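Spelled out, the chains give:
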Amino acid sequence: MLLYAVIFLPFAAAALAAVLPSDRLRPWLIPITALLHFALVLGITATAAPAVNPNSLLGLDALGRFILFVVSLLYAACSFYALGYFRYHADWENRIFITALLAFLGAMTIAAASRHLGLLWVAVEATTLVSAPMIYYNRNRFSIEATWKYLLLCSVGIALAMLGILFVAYAGLHGGGEQELLLDQMLASASLYSKPWLRAGFVFLLVGFGTKMGLAPLHTWKPDAYGEAPGLVGGLLAGGLTSVAFLAILRAVQIMIAAGEQVLVRQMLLALGVLSLIFAAVFVIRQRDIKRMLAYSSVEHMGILVIGVAVGGLATYGAMFHVLNNALTKGVLFMTAGNIHRHYGSKRMCETQGALSVLPYSASLFLAGFLAITGSPPFAPFMSEFTILRGMFAGGHLVLGALFIGLLVVIFIGMGGTVLPVTMGPHLEETEDEASDYRETLLTIGSPLFLLAAVLCLGIYLPEPLKIMFSEAAKLVEVTP
Amino acid sequence: MNTPPNLILLFVILFNFFILGTSRLNTCIRSVALQGALLSLLPLFLHTLTFHTYLLAVGAFVLKGLLMPWLLFRAIRQVKIRREVEPRIGYIPTLLLGALTTAGAFIFGDRLPLLPEHLHSLFIPAALSTLAAGFLMLITRRKAIAQVLGYLMFENGIFIFGTLLAETMPFLVEMGVLLDMLVAIFVMGIVMHHINREFSTLNTEQLSLLRE
């Protein structure tokens, strides 16, 4: 029952936002909906998982609960920033943006809760469509280009995922197994499936949802979309939507494991993961644009997640932990980058130097977020990356482990080359018309501050319920026997 | 071989070539719509005539044959563009590529491990060649609207394959898929309108400001 409420709530709020006449009151719908949503999700995760009805289209297993928790937490934290954002842009039309923002939460919730591959597809495609107007919010040449690329690439990518789903269905038909695409039934009969169709289907699913997740070399929309979208949207896409796409890939992995096809899964995931790290390392160096830099960092972390799943064992647990850490830290980085962007009216490194002296809070949070995302202790991403690394060495992947460390170091240096001048460089004298009237407010600082505090706490002490949540989710996608 | 589904699929493949070789945008939109409308008849011949099959056929017909072309025509009326496709490579090379991929689809389609009842039918080759034709439209055309048409052909190819499996999808999900596509076309239409306003053209080669 709670599940239906949690799905219904964001859509009801979106409908309300669409009809509410006041541009000033409408932003309040975001934090109210987000907090209610998070409360409901907490209510769901706090109770013991009920058995999922195998014939139902909707249901939350350990994996779905975990992703829903991550998305809802990030969204709730970002919602207060949204208030500050709309207060600054009080004269901008916000009806479409806020309606889309609320529907976005609803679509992600359905994706996390769907037990049918077709429904999962519908929900993921819906997230693409509702996020398009959010990327275009700044209404200029750059953002229209980013929106067009995002819309076309992700739609075609996700169409390939549909083909993959149909291939998997045909594999079932061929194997004489169940005809329905319900996850539980598929897991039960996957060993009978026709192997060639299943393998082809998995490749298409991986390419399709991998486009959405932004794994290299399918990431080309990512720097454009994250670069041009408002910081708030960038954070939600990089932290929330990618987690949902990761869940879609994990569903395909689950079916492949049930069919006994671990080898192909591992090879494909490893290949895409390592390629993502390499692409990120190449493009993050000398990256002049702070938001594009964050997009490449997102490509890197998507690579880390799939590598963790491919290695298996302890690394799968680490990957689950890393989903949470990546989401929270990306929230910090995109929101503070948004603040810096707003103050300088630019996101180019050469024009935003010395942010610490004018935006002390945003810049120091940005700097701390950079340290966190690159895996510096004592922040939580260090713990999860270290866990994945331990899994690699325990599994005997010495070369992979060394390559992993090497690429992370390159990315650390590359990002540092941009982040340090932006935050600590000499402050450029602004002329009168360049100086923006943007000042930090409690709302635009509070959200990233909260998220950074959470990342720091999780790095020092991981509560027991979260550990259980990670290990239960990891159990479902364990690759190694 | 001469069953109604195979006849329909033959026309679908012919439409692929026609669309690839046409320079007029209006004709292209009409052809893609007609192709979609033809495809919506497939479930009627393939499955037992239940309420579900009728609804799927009617839903697909209304969306693919009526609503989507209407949205696209509305979009080009709004932007008042020149009514030509403007390919990156000429029509003849595109047609040749189309012929090559279609031949490949026929050869490949026979090698796949198919169920006995799908062997030697046109389903797999038609699906694969329509996918390929859609992909060709996507990458060889400069105009945003032609790229949308390519995406629609791509979806038509997937629909052909999907009709073989209509029973695996509950009705709700099927309608969700079609609805998603409709909204996608709607949103793409709006974005095209904005592209035209910013750049005074729908030529996507203008969209090259963002790069490393």
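To be clear, the structure that these remarks concern was listed above.
What comes next is a walk through the structure. Along each chain, residues carry numbers from 1 onward, in the same order as the chain's sequence is written. The naming scheme follows written order: chains are lettered A onward, ligands numbered 1 onward. In view of the model being predicted, local features appear only for residues whose pLDDT reaches at least 70, and side-chain atom pairs are presented and counted only at 80 or more, with totals across whole chains, interfaces and linings using the full set of residues. Computation of side-chain values covers all heavy atoms of the structure but excludes hydrogens and water.

1. Comments concerning the interface of chain B and chain A
When checking whether two residues touch, look at their non-hydrogen atoms; a contact exists if any pair is within 4.5 Å. Every contact between the two is made by 44 residues of chain B and, on the other side, 48 residues of chain A. What gets called buried area is simply the loss in accessible area from a 1.4 Å probe that two parts show on being joined, summed for both. Each partner contributes to the roughly 4200 Å² buried at the junction of chain B and chain A, and carbon and sulfur atoms together form 74% of this total. Together, Thr 168, Leu 210 and Glu 212 of chain B form the three largest contributors to the area buried by chain B at its contact with chain A, with a combined 17%. We define a salt bridge as a contact between a side-chain nitrogen of Lys or Arg and a carboxyl oxygen of Asp or Glu at a distance within 4 Å. For the pair chain B and chain A, the number of links is 0 salt bridges. The term polar contact refers here to a pair of N or O atoms within 3.5 Å; inside protein, the definition further demands a hydrogen-donor-capable atom paired with an acceptor-capable atom, and it admits residues adjacent in sequence only when both atoms are side-chain atoms. The interface formed by chain B and chain A includes 6 residue pairs in polar contact (both at pLDDT 80 or more).

2. Brief notes about the layout of surface pockets
Of the volumes computed, that of the largest pocket is approximately 1100 Å³. If you trace the largest pocket, you find 37 residues lining it, with Ala 103, Ala 126, Leu 129 and Val 130 of chain A together with Val 183 of chain B closest to the centre. Secondary structure elements follow DSSP: runs of H or I of four or more residues count as helices, runs of E of two or more count as strands, with numbering from the N terminus. Listed by contribution, the elements that provide at least two residues to the lining of the largest pocket are helix H1 (2-19), helix H4 (95-113) and helix H5 (117-135) of chain A together with helix H7 (171-199) of chain B. The element that contributes the greatest number of residues to the lining of the largest pocket is H7 of chain B, accounting for 11 residues. In this classification, Asp, Glu, Lys and Arg are treated as charged, Ala, Val, Leu, Ile, Met, Phe, Trp, Tyr, Cys and Pro as nonpolar, and every other residue, Gly included, as polar. Its residues assigned to classes, the lining of the largest pocket comprises 30 nonpolar, 4 polar and 3 charged. Size it by volume and the second largest pocket reaches roughly 590 Å³. Forming the walls of the second largest pocket are 24 residues, and the residues nearest its centre are Leu 153 and Val 156 of chain A together with Phe 135, Leu 138 and Ile 139 of chain B. With a 1 Å grid laid over protein atoms only, a set of points is called a cavity when a 1.4 Å probe fits there but cannot get out and a pocket when it is open yet has protein on both sides within 12 Å along at least five of seven lines; lining residues have an atom within 4 Å of a point. Grid points are joined across faces, edges and corners, and a volume is the space filled by probe spheres set on the points.

3. Focus on the side chain of His 116 of chain A
Residues and elements named next belong to chain A. As for its placement among the helices and strands, His 116 is situated in the loop between H4 and H5. Burial classes: relative accessible area under 20% of the type maximum marks a residue as buried, over 50% as exposed, and values in between as partly exposed (1.4 Å probe, protein chains only). You can call His 116 buried: its relative accessible area is 1%. Separated by 2.8 Å, the side chain of His 116 and the backbone nitrogen of Gly 118 make a polar contact.

4. With respect to the side chain of Glu 155 of chain B
Looking at where Glu 155 of chain B falls in the secondary structure, it is placed in helix H6 (residues 144-163). In this charge count, Lys and Arg are treated as positive and Asp and Glu as negative; neither His nor the chain ends contribute. Despite being buried, Glu 155 of chain B has no salt bridge partner; Lys 64 of chain B is the closest side chain of opposite charge, sitting 5.9 Å away. Beyond its immediate sequence surroundings of up to four residues, Glu 155 of chain B is in contact with Ala 159 of chain A together with Lys 64 and Met 181 of chain B.

5. Topic: empty space enclosed by the protein
Within the structure shown, the criterion is met by 6 cavities of 30 Å³ or more. Each pocket or cavity is described by its volume, and for the largest cavity that value is around 260 Å³. Around the largest cavity sit 17 residues that line it, and Met 162 of chain A together with Phe 159, Gly 162, Glu 174 and Val 177 of chain B are the ones nearest its centre. Secondary-structure elements contributing two or more residues to the lining of the largest cavity are helix H6 (141-174) of chain A together with helix H3 (51-79), H6 and H7 of chain B. At 5 residues, H6 of chain B tops the list of elements feeding residues into the lining of the largest cavity. Split into classes, the residues belonging to the lining of the largest cavity amount to 12 nonpolar, 2 polar and 3 charged.

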